Amino acid sequence: MTTTTSRAGRHAAESGTEGGRRGLLGVLEQMWLIPLVLVAWELGARQGDSIYFPPPTTIVTHMYELWFSGPASHLFLTEEAVDNLPPSVGRLLAGWAIAGVIGVGLGIALGRSKALSGYIDPILEFARAIPPPALIPLFIVLFKLGTQMQLATIVYGVIWPILVNTVDGARHVDRVHADTAQVFGLGRRQRLFRIILPAAAPKIFAGLRLSLSLAVILMVVSELVGATDGLGYLILFKQQSFDLAGMWGAMVLLSILGFVLNASFLFVERRVLSWHRRAQQTT
Amino acid sequence: MLDVVNLSHTYGKGPSAHQALGGIDLNVAEGELVCVVGPSGCGKSTLLRSIAGLIKPTAGQIRIRDVAVSDTPGDLAVVFQDYSRSLFPWMTVGDNVALPLRRRGGDRAARRAAAADALEEVGLAAAATKYPWELSGGMQQRVAIARALAYRPSLLLMDEPFGSVDAQTREDLEDLVLKVRELHRMTVLLITHDIDESVYLGDRVIVLKKSPATVVGELSVKLPFPRDQIATRELPAFVHLRAEVGRLVRGKDPFRPFQA
Amino acid sequence: MLDVVNLSHTYGKGPSAHQALGGIDLNVAEGELVCVVGPSGCGKSTLLRSIAGLIKPTAGQIRIRDVAVSDTPGDLAVVFQDYSRSLFPWMTVGDNVALPLRRRGGDRAARRAAAADALEEVGLAAAATKYPWELSGGMQQRVAIARALAYRPSLLLMDEPFGSVDAQTREDLEDLVLKVRELHRMTVLLITHDIDESVYLGDRVIVLKKSPATVVGELSVKLPFPRDQIATRELPAFVHLRAEVGRLVRGKDPFRPFQA
Amino acid sequence: GNSNGSSTASGDGKALEKTTISVGVLAIADVAALYIADQQGFFKAEGLTVQPKILQSTAVTLPQLMGGQLDFALANYFSVLSATENKAGSFRFVADTYEAKNDVFSIMVTKDSKIQTVKDLEGKKISVAAPNSIGTLAVGSTLKVAGLDPNKGVQFVPMPFPNAPAALKSGQVDAAWLTEPFLTNVQKEFGARKIADTMTGAMADFPIAGWAATESWTKKYPNTTAAFQRAILKGQQAAAADRKAVEKVLPSYTHITPDVAAVINLGAYPTSLNAQRIQRVADLMVEYGYLKAKMDVKPLLVPLPQ
Amino acid sequence: MISARVARGAAGVAGLLIAGELAGITGLIDPDLLPRMSTVLSGAVSLATDGDFLLDVQGTLLVWGLGLLIAVLIAVPLGVLLGSMPRTERAVRPLIEFMRPVPSVVLIPLVTLLIPSDHGVKVTVIVFAASWPILINTMYGLKDVDPVAKDTLRSFGFGDLSILGRVSLPSAAPFMLTGVRLATSIALVVALSAELLAGGSDGIGAYMIRAGAGSRTDLVLAATIWTGVLGLLANSLLLSVQRRAFRWHTVKSGGGS
Ligand SMILES: Nc1ncnc2c1ncn2[C@@H]1O[C@H](COP(=O)(O)OP(=O)(O)OP(=O)(O)O)[C@@H](O)[C@H]1O
Ligand SMILES: Nc1ncnc2c1ncn2[C@@H]1O[C@H](COP(=O)(O)OP(=O)(O)OP(=O)(O)O)[C@@H](O)[C@H]1O
Ligand SMILES: [Mg+2]
Ligand SMILES: [Mg+2]
């Protein structure tokens, strides 16, 4: 613990980085660990010398050859990349968005209505424990097309953090806030959009952020069965053909994808929740 | 307009239960301003929350315009004792004040104007675009008052609304409440622990005693309107009434918590 | 003991920056009780938070016993204006009061006894096993006071500590503060918006003005000790001092926020 | 039963380095011989205690062999050869266990599908257990016979066998490459139609899978390896000799019901480890581009003890 | 009140089951493809006395419980550390964000190479997957602590560590527990997925492989039902802990009225 630096001092430092003076220094402060880890990995992998754990340089060369050595007209993407990346990312984002809408909507309803949550909670808690792979037979029957089924798998897999956190947030709106809304006779819509949603927003955002990287994972899972393209399919294919550097490449691609998505998400969150952050800093 | 009949409330159940209200009867006529005074923890806020429909009293009845209410009555505004928690930190001060005005109809611009007017009246014209947590305690309290006044409710409940402001501002706010209720014929129930204030503001003062709260006395304040901070307080009638209320508050069993 | 030198603080940066303190100088001698009065939003709480080391002032210095402090000084207790948020809802009232006593050493039983004593002194002996959210606003405020007093700090900072209690309780609490500081030779800085109170309690009254806050005047209160709620307030010197402070507060530019 | 009364001497008197062995199996007919050998006490006679571990696919089998969680595992030739060429481990086959026969791996369509012949499959979606596997090889070879491109002629949809029937029935795939008991089930339950038996022609009597261990394991535990080989061989012989023995053992490790077990088509249980036969797999894989270069399978085999 | 909740829950579940059965009867769901709800249910009932299956359940419970426990032990302290030290958080965040999207199913073969025990592999991937919700919720919970509460302790001269232990942790605890509730089901899901993929000598997933290989979709679904029941039970347990330990949280927010 940094007992020596005063809290006020820390705040000053923080607001400094938040407030525009980013640039090189900020990047340095945030990223210095990455090269360190990469070097350690490279050394470790070279020492271990196992085909299953290739060093990063091998992986990167492989990735370049496989996906990024294409023609300039395709943004240097190869055919394999063009065929597999966009469909995957599209499904991921669509699935996450659908889960977000359903999760927040249902979560608010359950968080605010005791009766509804009484009826539905056990079913949801039950459903939450069922692994998506076990449901694929059901999904195959319910959703005809491949994309539909993959979307269903993603939505089913990522909705829970959003739902559970939203319920938590909506249920625990500060009592005086809720009372204020009630005595001023705010309508349902206003109560929802002006009180409950903003009050629950910090928790909803925690759920959305969890779900975003879960969506990357579920995208892969959904493509392991019945898909003919996508990153997951690619991983399965590489694994099956013992192209391990290729598999690692796909995994690194997943990581980068998840990182970029998370960074964009935090960017949005910082704006939407700026009141929260600032209210927490200044008392 | 407001009738409270034999209202009782007990918090909790079993051995740790605590009876806060023990059969309160009171009524407030249309357009009247009634002040409630009573010792700390006697049950004033509980009474107010019951009238606002925020807690369901364990016994008794609340009638507004002779209709028994169980839920929050319409056309009501409340200034909470916990004013800082009743402002929404995600909205600017202006939005906080304008929010309930939707019920009054009118477009966005009209609502904004009304909110700005109300903020101006409590001396916070410049704070409209700030957030509540950028304000001092007293300023937050004034925002809560501005919100309630801008709403122009027919029934206004205020729970120690001037507890965090300086004497000068307090006087101004008191006069503001008198002015607004005059102008818009509001009915006001105001909780305070300042005996002077209760006499200065009220048409009537109701005194509660503690554990559980019951009404120990009521006084009609027959002081002329408009009231004036200096002139009214100098009236012999005012001084007398103030002493009366003081006696009622101290009561037969002198409230002296410190000599346990 | 406490020296504040040319203290300035500005909230925020850029165009929305707000200068709350504009070069404040004040000092409090060992064992002295100094009251600070000033209009709502002038910067009193900001001053207090700076002294407590909770915000880092943008300029100026704070010295305690001639040592410049940048962090929270040791042996300090604060009663916050936002008392309800400063109590921990997951602890009983007794535990809330006993918690800081850990810093004083002593075993569990001793701490409990000290907490129980302090609660008794503020008239809440029965509330020790309750939770803060089971108490009324005024009771919560008294818990916060009890916590600070039980801690027996050498420097006690109080931000409008009696804002939510009834007149009677307020008087008792005022006397309690006087008694405790006498007994344990505490140095006290007390913020209030009640001019009477500032004169009744203080050895000295410091008056701030607004936007940004600066000291407009200081008055030594040379009233005899022990003070008595009735006798002291009747003294001509008291009445005179009260008027003096009132004049200072209103100042040359009369503070009238409502005539914008 | 796996009695734990392990003796330290094997059948031929040599000391066993390891008496309890963990064996990875798939819940399919291929491994029937292992269960027969176990139930008839062949392992016990060799002083071995076998602990079967159910796996779902070969994807984790080889890592588990390398990681030491498994001593032996059922491994299909296709995967091991592919792994060998990619230097993803060094494995040895210690016994052959399953060989394709007629109507054990077939392409099925629904009753009222428009697809009548293999040629009609062109451009259609066909489910296989995994991409780049024996399934794609078998279907590819069938396509080639019909004059289609073995790799691009159809769209391969990877899907575990248990999921395939539903996908077929609901129209998610146009055809499914299936094995038993799913073959029998889809015919019985919704009258699916067979388009082609994939194990004919070049693929006739095709070697499917054998028992594998890592090279270092076989070197470290030669006597245990030999003991395992002897016991499994007896099991293979029992399975090859009597279909009833297989039928009887199937329900004990899968949920194939006895009545289904009685009617499904079974492959053959070879009783030798013949390099020439297994070389066919390597050669065919080269022909279809699954291996980049010719590969000699002989060094991959641990000859059966004489 | 509890009984009302149970009654509602039972009604909800019954409604779902009836709807499922109706979908089967009316042919809305092709009976060739999916067994009837009643068939699945009777299968589930018979599983309750099936010794083999109970052993499998035991195996799953073992890796699930162990995985969850380790995840809590790792993620809570880490979340607290990162949530209270913004500088460290900023440095470590990229690393964490690169790791979070890695699917545990893809990791299984690699972990298999490193850990020579079947259960060890499963526990490892469970820990990997179940730590994230606890970590993230802990961090967000710590950010949500009332600054006045923290300032109170600070003014009494308590150090950062005490403030963490006496204010930040207690007030973040309810949301951390929500994270644990999320992790509980994720851990179960991953346990099953790992068993389905990596197989093993026991585990509900291994049972599902055997049933699936026998083309017994009804038994696969029956086993699935038991997973759901396990998750439901674990969640109710945690919820009752939450209700008991964090009454202040519920009352303060009016959630309990
Ligand atoms: N966190 C903050 N961010 C921006 N401005 C702030 C913040 N806190 C206080 N201010 C501003 O600083 C000024 C002084 O605030 P402060 O709380 O010190 O006043 P105060 O004298 O305590 O008033 P009161 O008697 O009403 O409590 C006010 O104008 C307020 O708007
Ligand atoms: N949620 C609660 N649970 C249990 N007891 C409560 C609760 N709220 C209030 N009480 C008790 O009820 C009594 C009355 O409380 P109330 O808030 O109505 O007092 P009050 O008159 O408003 O006091 P103050 O002037 O101090 O605000 C108090 O003794 C308090 O302890
Ligand atoms: Mg109150
Ligand atoms: Mg203040």
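You'll find chain B entered in an unreviewed UniProt entry as ABC transporter ATP-binding protein, with Sphaerisporangium corydalis given as the organism.

Here the focus is the confidence of the model for chain D. When pLDDT drops low, the exact placement of atoms in the prediction is not to be read closely. Residues and elements named next belong to chain D. Averaged over every residue, the pLDDT of chain D is 83; the share at 70 or more is 95%. Note on residues 1-7: pLDDT under 50 across the span, and 15 contacts to partners over four residues away in sequence or across chains. Prediction confidence for the complex, expressed as pTM and ipTM, is 0.87 and 0.86 respectively.

Quick reminder: α-helices carry 3.6 residues per turn. Residues three or four places apart thus point the same way. Residue and element names in this part refer to chain C. With 18 residues, helix α6 (residues 167-184) should reach 26 Å at 1.5 Å per residue; the first-to-last C-alpha distance of 26 Å fits that figure. Within the sequence span of α6, burial applies to Q168, T169, R170, D172, L173, E174, L176, V177, L178, V180 and R181. Phi for R185, located one or two positions after α6, is positive at around 50°.

The next thing to look at is the nonpolar core. Of all hydrophobic cores here, the largest spans 337 residues; its most connected members are D:W177, D:W211 and D:F228. Looking at this core element by element, the count peaks at 19 residues for helix α10 (residues 188-224) of chain A. One finds B:I24, B:L155, B:F162 and B:L173 within the second-largest nonpolar core, a separate group that totals 83 residues.

For the rest of this paragraph, the subject is the pairing of strand β2 (residues 18-28) of chain B. Residues and elements named next belong to chain B. Bridge count between strand β1 (residues 2-11) and β2: eight bridges; the pairing is antiparallel. Its bridge partner lying in β2, L2 is registered against V28. Linking two consecutive strands that pair antiparallel, namely β1 and β2, is a turn of six residues; a positive phi of about 75° is found at G12 within it.

For the coordinates displayed, the defined rule picks out 60 salt bridges over all chains. Of the charged contacts in the structure, one is a salt bridge between A:E42 and A:R46, with a shortest N-O distance of 2.6 Å. With a gap of four residues between them, A:E42 and A:R46 both fall in helix α3 (residues 33-48), about one helical turn apart. You can call A:R46 exposed: its relative accessible area is 52%. Between B:R85 and A:D174 there is a salt bridge, and its shortest N-O distance comes to 3.0 Å. Separated into two different chains, B:R85 in helix α2 (residues 83-86) and A:D174 in the loop between α8 (146-171) and α9 (175-183) make up a pair that spans both. Accessibility expressed as a relative area gives 21% for A:D174, which makes it partly exposed.

Let's shift gears to the sheet that holds strand β3 (residues 72-76) of chain D. Residue and element names in this part refer to chain D. Read from one edge to the other, the open sheet built from five strands follows the order β2-β1-β3-β10-β4, with strand pairing classed as mixed. If you trace the sheet from one side to the other, it starts and ends with β2 (49-55) and β4 (91-99), each paired once. For this sheet, the mean inter-axis angle between neighbouring strands, taken without regard to orientation, is 30°. In this sheet, strand β10 (residues 207-214) lies alongside β4 in antiparallel orientation, the contact comprising seven bridges. Paired with A95 across the two strands is W211, which belongs to β10. Packed on one face of the sheet, helix α1 (residues 32-39) meets β1 (20-26), β2 and β10 and runs near 145° to β1.

Our next topic: the packing of helix α2 (residues 37-47) of chain E against helix α10 (residues 217-245) of chain E. Residues and elements named next belong to chain E. Orientation of α2 relative to α10, taken along the N-to-C sense of each, is 65°, at an axis distance of 8 Å. By the angle between their axes, α2 is roughly perpendicular relative to α10. Of the two possible hands of crossing, α2 and α10 adopt the one that is right-handed. Where α2 approaches α10, its residues T39, V40, L41, G43, A44 and L47 are matched on the opposing element by D218, L221, A222, A223, I225 and W226.

Within the structure shown, the criterion is met by 29 aromatic pairs over all chains. Residues D:F78 and D:Y290 carry aromatic rings whose centres are separated by 5.1 Å and whose planes lie at 70° to one another, so their mutual orientation is edge-to-face. Residue D:F78 is located in helix α4 (residues 77-85), and its partner D:Y290 is located in the segment after α12 (275-287); the two are separated by 212 residues in the primary sequence. D:Y290 shares its class with D:F78; the two are buried. Aromatic pair E:F53 and E:Y207: ring centres 5.0 Å apart, planes at 75°, arrangement edge-to-face.

Ligand 1 sits among 21 residues. The nearest are B:S136, B:G138, C:K44, C:S45 and C:T46. Residues near ligand 1 are shared among chains A, B and C, making this a multi-chain site. Contacts to ligand 1 include B:E134, whose backbone N or O atom sits 2.8 Å from an oxygen atom. Contact distances for ligand 1 include 2.8 Å between an oxygen atom and a backbone N or O atom of C:G43. Expressed as a share of its isolated accessible area of 640 Å², the protein-covered part of ligand 1 is 95%. Of all elements in the fold, only α5 (137-151) of chain B together with β2 (18-28) and α1 (44-51) of chain C reach the threshold of two or more residues within the shell around ligand 1. Taken together, the residues that form the shell around ligand 1 break down as six nonpolar, twelve polar and three charged.

This brings us to the interface of chain A and chain E. Each side of the interface is counted separately: chain A has 76 residues, and chain E has 81 residues. Summed over both partners, the interface of chain A with chain E buries about 7,000 Å², with 69% contributed by carbon and sulfur atoms. Here chain A and chain E share two salt bridges between them. Taking the shortest distance from any N to any O, the salt bridge between A:R209 and E:E97 comes out at 2.8 Å.

Here, the residues flagged by UniProt with the feature "domain: ABC transporter" (unreviewed entry) are residues 2-235 of chain B. The span residues 2-235 of chain B is 32% helix and 26% strand, and its two end C-alpha atoms sit 30 Å from each other.

Most contacts, compared over the eight pairs of chains touching, are made between chains A and E. Nowhere do chain B and chain D come into contact; their C-alpha atoms are at least 48 Å apart. Nothing in chain C touches chain D; the tightest C-alpha to C-alpha distance between them is still 49 Å.

Our next topic: the coordination of the magnesium ion (ligand 3). All names here are of chain B. Within the protein, the atoms that donate to the magnesium ion (ligand 3) are S45 (OG) and Q81 (OE1), at distances of 1.9 to 2.1 Å. Here S45, found in helix α1 (residues 44-51), pairs with Q81, found in the loop between β6 (76-79) and α2; they are 36 residues apart in sequence, far enough to count as distant. For the pair formed by S45 and Q81, the shared burial category is buried.

Once that is clear, we can look at α5(B). Residues and elements named next belong to chain B. In this model α5 runs 22 Å from its N-terminal to its C-terminal C-alpha over 15 residues, within 8% of the 21 Å that 1.5 Å per residue would give. The buried fraction of α5 amounts to 15 of the 15 residues, a majority that puts the element mostly inside the structure. R152, located one to two residues past α5, shows a positive phi value of around 50°.

Once that is clear, we can look at the site of ligand 2. Ligand 2 sits among 19 residues. The nearest are B:K44, B:S45, B:T46, C:S136 and C:G138. At the site occupied by ligand 2, nearby residues are drawn from chains B and C. In the environment of ligand 2, an oxygen atom lies 2.9 Å from a nitrogen or oxygen atom belonging to the side chain of B:S40. Between ligand 2 and B:S45, the relevant distance is 2.6 Å, taken from an oxygen atom to a side-chain nitrogen or oxygen of the residue.

All names here are of chain E. Together, L66, L69, I70, L73, I74, L78 and L81 make up a nonpolar patch on the protein surface, roughly 590 Å² of accessible area in all. Note on placement: L66 falls in helix α3 (residues 51-84). Relative accessible area serves as the criterion here: at 42%, L66 is assigned to the partly exposed category.

Procedures and definitions
Positions within a chain are numbered from 1, following the residues in the order the chain's sequence is written. Note on labels: chains are lettered from A, ligands numbered from 1, in written order. In keeping with the predicted nature of the model, local features appear solely for residues at pLDDT of at least 70, side-chain atom pairs appear and are counted solely at 80 or more, and the whole-chain, interface and lining totals rest on all residues. Only hydrogens and water are removed before side-chain values are computed, so all heavy atoms of the structure are retained for them. pLDDT expresses how confident the predictor is about each individual residue, on a scale running from 0 to 100. Residue contacts follow a heavy-atom distance rule, with two residues in contact if any of their heavy atoms lie within 4.5 Å. Helix and strand definitions follow DSSP, with helices as H or I runs of at least four residues and strands as E runs of at least two, each counted in order from the N terminus. Here, expected helix span is obtained from the residue count minus one, scaled by 1.5 Å. Here the term buried applies to any residue with accessible area under 20% of the maximum for its type, exposed to any over 50%, and partly exposed to those in between, with areas from a 1.4 Å probe on protein chains only. The nonpolar core is taken to be a set of buried Ala, Val, Leu, Ile, Met, Phe, Trp, Tyr and Cys residues, with the residues joined through side-chain atoms within 4.5 Å. Any two strands between which DSSP finds at least two bridges are classified as paired. The rule for a salt bridge is simple: a side-chain nitrogen of Lys or Arg has to be within 4 Å of a carboxyl oxygen of Asp or Glu. Axis lines are fitted to C-alpha atoms, over the contacting stretch for helices. Their N-to-C directions set the angle, which ranges from 0 to 180 degrees. An angle below 35 degrees is treated as roughly parallel, one above 145 as roughly antiparallel, one from 65 to 115 as roughly perpendicular, and anything else as oblique. Here is the rule for handedness: rotate from the far helix to the near one, and if that takes an anticlockwise turn smaller than a right angle the crossing is left-handed, while a clockwise turn gives right-handed. Stacked, edge-to-face and tilted are the three classes for Phe, Tyr and Trp ring pairs, Trp counted by its six-membered ring, which pair at centre distances within 6.5 Å; planes under 30 degrees apart are stacked, over 60 edge-to-face, the rest tilted. Here, proximity means that at least one heavy atom of the residue falls within 4 Å of the molecule or strand. Pairing of N or O atoms within 3.5 Å defines a polar contact, subject to two protein rules: one partner must be a possible hydrogen donor and the other a possible acceptor, and residues neighboring in sequence count only if both atoms are side-chain atoms. Under the convention used here, a 1.4 Å probe and the Shrake-Rupley method define accessible areas, while residue burial counts only the protein chains that appear. Here the term charged refers only to Asp, Glu, Lys and Arg, the term nonpolar to Ala, Val, Leu, Ile, Met, Phe, Trp, Tyr, Cys and Pro, and the term polar to all other amino acids, Gly among them. Each of two parts loses accessible area, computed with a 1.4 Å probe, when they are put together; buried area is these two losses added. UniProt positions are given in the numbering used here, feature names are shortened, and annotations may be inferred rather than shown by experiment. The donor set covers N, O and S atoms within 2.8 Å of the metal, switching to 3.2 Å for Na, K and Ca, and it leaves out water, so a site may look short of donors. What makes a patch is a set of residues exposed beyond 30% relative accessible area and free of salt bridges, joined within 9 Å when like-charged and within 5 Å when nonpolar (Val, Leu, Ile, Met, Phe, Trp, Tyr).

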